[in-house]
Structures are given as C-alpha cells and as structure tokens.
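Understanding the architecture of this molecule
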Amino acid sequence: MFGLGSKNIGIDLGTANTLVYVDGKGIVLNEPSVVAKNTQTEEIIAVGEEARAMIGRTPANITAIRPMKDGVIADYDTTAAMLKYFMSKALGNKNAHPQVMVCVPSGVTEVEKRAVIDAAKVAGAKDAFVIEEPYSAAIGAGLPVMDPTGSMVVDIGGGTTDVATISLGGIVSSRSIRMAGDKIDEAIITYIRQNFNLLIGERTAEDIKMQIGSASLEKAKEIDGMSIRGRDLLSGLPKTIDISAIDIATAMQEIVAAIIDAVKETLEETSPEIAADVIDHGIVLTGGGALLKHLAEVISDATKVPVFIAQDPLDCVAIGTGESLKNIDVLKKH
C-alpha cells in the first residue's frame, strides 16, 4: 500500500520537457512534453520520448503536438491526458491519487493557473497546487529563499524565461518573457532559411543550438562550425551545408538581448538592500537555457554582477517543486 509520503508528487510541467519528482525518491521521470494523436479518432498513440521521435515523421492522420506553449496550456484535453500518463508512469500505479504541486511561469494569469490545477485534477490528482517557476528554481538551486537576504534567479526554459529576486520566502520583483529555448530554435530555422535557402526542422535547430550555439558573437569565433542537412528551397531536394558558430550566434542575438533586458529591468525594480545582496552572491542561472555557451559571461558583462550556473540546471525546478511538497500543509491553509 502507498504510504502518505509517496502520494505527494511535484511536476515541472515544461513547454519542452516534463519532469516528475516523487516524495522520497527524487526525480523519477524526465520526458519531452509531446503527445502523438490520431487526428481522425482523437486517440492518443504515444506520449513523451516515443511521441517526440515522431515529430516531423508522422503520416497524415497522426500529429505529434506539444500541448504546452510559452509555459502555459495551449491544448487542455491533451495536457490532461499527458499528465495522467506521466503521473501513473511515475507512481507505477494507475489508481494512485497523489497530492500534486505543479510549477507555472511567474507571469501567468489566474485563469492559466486554474487551468493547470484543473488539468492535474482531471489527470487523477487528489489535490493540486501551483508554485511559481523562478521560486521553485531557486529552492532547487539551493538558494537561501527563506533568509532575509536577497537572491536572484534566471530560469530559462523552453517557453519562458523567468527572472526573479527572492527574499524571506517570497518573490520581490519578477519578469516573465516568452523568449527562451523555443524562440532560439525558431530564430535558427529562420536565419538558415533566409541566408542559406535551406529548410531545417525543430530537432535539427535544437541540435545546432546545443552543439555550436553561443550567446557571444566574440566567443563564437573560437567554436568550430558543423555540417547540417535539410531541404534546399530552390531545388526541393535534400542538401548538406556547413554553417559557422558566428552565423548561429548572430541568429540568436535578439533573444539573448531580450533575456539581458529582463534581468536588468528586474534589478532596476529591486530595493538597494536586495540589489547589494545580489551583487554579493551573484545571479544563478537555471533551466536548459543555462547550458547555452557563454550566456553566463554575457549576462555578467551586461549587468556587472557575477553570474553562476546552478549545479543541475535542468533539474532545479523539479527539485524545488518536490522540496516545496514538504510545506504542502501550509499551502492548504491559504
């Protein structure tokens, strides 16, 4: 029988990936937030890793969709079905009704929060709560969120970049912009189409970003280029070309600049005391975007504040969401 502890789970419901944290076990599941559906029967064919492998490769009657867009639910029914699948897979029990903590971007509306709570309940949660993403990222990164010292976290996910200063268990100032990993992929696709007449898919763009992407035009000169394959827009035939890291850094400049602006704006809104703490302790980067080469240096140069990458940037939000389960009784009173 399930003990009470194992009934609590934390979910980092991301635009790109969903991670599930089970109380007492840690992160037990990390899969892409993708669902493959039969468009004629509305039947769900695959979820997660299996569905991601189908992106761009499905026959006409099957579509692989990402039900989350820009950090919020874009397709409610599919999100609920995806959550149900992930929850039962994580708990290994179809009949478990856990208490669930789900994280949401800091800029979401009450309606969007309610949609997440409802989807979790439809998926089988006994009770559901939401926690703001930068706050759970700060907990997961081991920042002293409950102390009277200011901490600053920049969580760069697939759909949103969340920037927040945190002190005494709450968010003091925050920004959430819809400029993150997905927008970088789109920028790479657009740049290659416009400059090389080559059409590439989402997965290729993501590979390019991870292998040779750099936030710094200067540092990109030190990175070797790579060969990529796609479809030639002029002949319609498959084609292989070589691209340089400088090309990709150029493609990403606008999004990197938007992230830096969000960090600066959040700092400008912060009290002098917290700003002083942030200068002392630095800014912590979490999320998949934290892995972008030279991003920490570029943000540090622009803000004149030290910037560090969290220990497990991809897992911080899920760990923080899971850790906050320990205070679930406090949340019930709110």
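Keep in mind that what you see is a predicted model, and the values were worked out from it rather than measured.

Some details on the nonpolar core
Counting residues in each nonpolar core, the largest one holds 47 residues, and the members touching the most others are I192, I200, I208, I228, I243 and I283. If you tally residues by element for this core, the top one is helix 8 (residues 245-268), at twelve residues. Excluding anything up to four places from it in sequence, I208 contacts I188, I192, I200, G213, M226, I228, I243 and I248. Membership of the second largest hydrophobic core comes to 31 residues, among which are L13, M82, A123 and A125.

Remarks on unusual backbone geometry
Notably, D70 is not glycine yet its phi reads approximately 50 degrees, a positive angle. The residue D70 is located in the loop between strand 7 (68-69) and strand 8 (72-73) in this model. On the basis of relative accessible area, D70 is assigned to the buried category, the value being 16%. Despite not being glycine, L168 shows a phi value in the positive range, around 50 degrees. Taking relative accessible area as the criterion, L168 reaches 60% and is therefore assigned exposed.

Remarks on the confidence of the model for the protein chain
Per-residue confidence for the protein chain gives a mean pLDDT of 91; residues scoring 70 or more make up 96%. When mean pLDDT is taken per element in the protein chain, strand 14 (residues 198-199) scores highest with 97 and helix 12 (residues 328-333) scores lowest with 60. Note that residues 1-5 has pLDDT below 50 and, in this model, four contacts with residues that lie over four places away or in other chains.

Here's the deal with the sheet that holds strand 4 (residues 35-38)
The strand order 5-4-6 describes an open sheet built from three strands, whose pairing is antiparallel. Only two strands of the sheet have a single partner each, and these edge strands are strand 5 (44-47) and strand 6 (62-65). Strand-to-strand twist across the sheet, computed as the mean angle between neighbouring axes with direction ignored, equals 20 degrees. Bridge count between strand 4 and strand 5: three bridges; the pairing is antiparallel. By the bridge assignment for strand 5, K37 is matched with I44. Sitting on the sheet, helix 2 (residues 76-91) touches strand 4, strand 5 and strand 6, and the angle it makes with strand 5 is about 55 degrees.

Structural notes on the sheet that holds strand 17 (residues 283-286)
Strand order across the open sheet formed by five strands is 13-12-11-17-18, with mixed pairing between neighbours. Two strands in the sheet have a free side with no partner beyond their single neighbour: strand 13 (170-177) and strand 18 (307-309). For this sheet, the mean angle separating the axes of adjacent strands, direction not counted, is 20 degrees. Pairing between strand 17 and strand 18: three bridges, direction parallel. For I283, the partnering residue across the bridge sits in strand 18 and is V307.

Topic: the packing of helix 5 (residues 181-196) against helix 8
For the pair helix 5 and helix 8, the least separation of the axes is 9 Å and the interaxial angle reads 130 degrees. Taken together, the axes of helix 5 and helix 8 lie oblique to each other. Crossing of helix 5 against helix 8: the hand is right-handed. Across the interface between the two elements, K183, I184, A187, I188, Y191, I192 and F196 from helix 5 touch D247, I248, T250, A251, M252 and I255 from helix 8. Considered class by class, the residues forming the contact of helix 5 with helix 8 number ten nonpolar, one polar and two charged.

Things to note about the pairing of strand 1 (residues 8-13)
The element strand 1 is largely enclosed, with a buried count of six among its six residues. Burial along strand 1 is two-sided: N8, G10 and D12 facing one way and I9, I11 and L13 facing the other are all buried. Of the pairings in the sheet, the one linking strand 1 to strand 2 (residues 17-22) comprises five bridges and is antiparallel in character. Counted as the bridge partner of D12 is L19 from strand 2. Counting the residues in the hairpin turn of strand 1 and strand 2 gives three residues.

Here is what the cut-offs are and how they apply
Residues numbered from 1 in each chain as written. Predicted model: local features only at pLDDT ≥ 70, side-chain atom pairs only at ≥ 80, totals over all residues. Heavy atoms only, no water. Core = buried A, V, L, I, M, F, W, Y, C linked by side-chain atoms within 4.5 Å. Buried < 20%, exposed > 50% of the residue type's maximum accessible area, 1.4 Å probe, protein only. Helix = DSSP H or I, 4+ residues; strand = E, 2+ residues; numbered from the N terminus. Contact = heavy atoms within 4.5 Å. pLDDT = per-residue confidence, 0-100. Pairing = 2+ DSSP bridges. Axes fitted to C-alpha atoms, helices over the stretch in contact; angles between N-to-C directions. Parallel < 35°, antiparallel > 145°, perpendicular 65-115°, else oblique. Left-handed = near helix turned anticlockwise from the far one by under 90°. Nonpolar A, V, L, I, M, F, W, Y, C, P; charged D, E, K, R; others polar.

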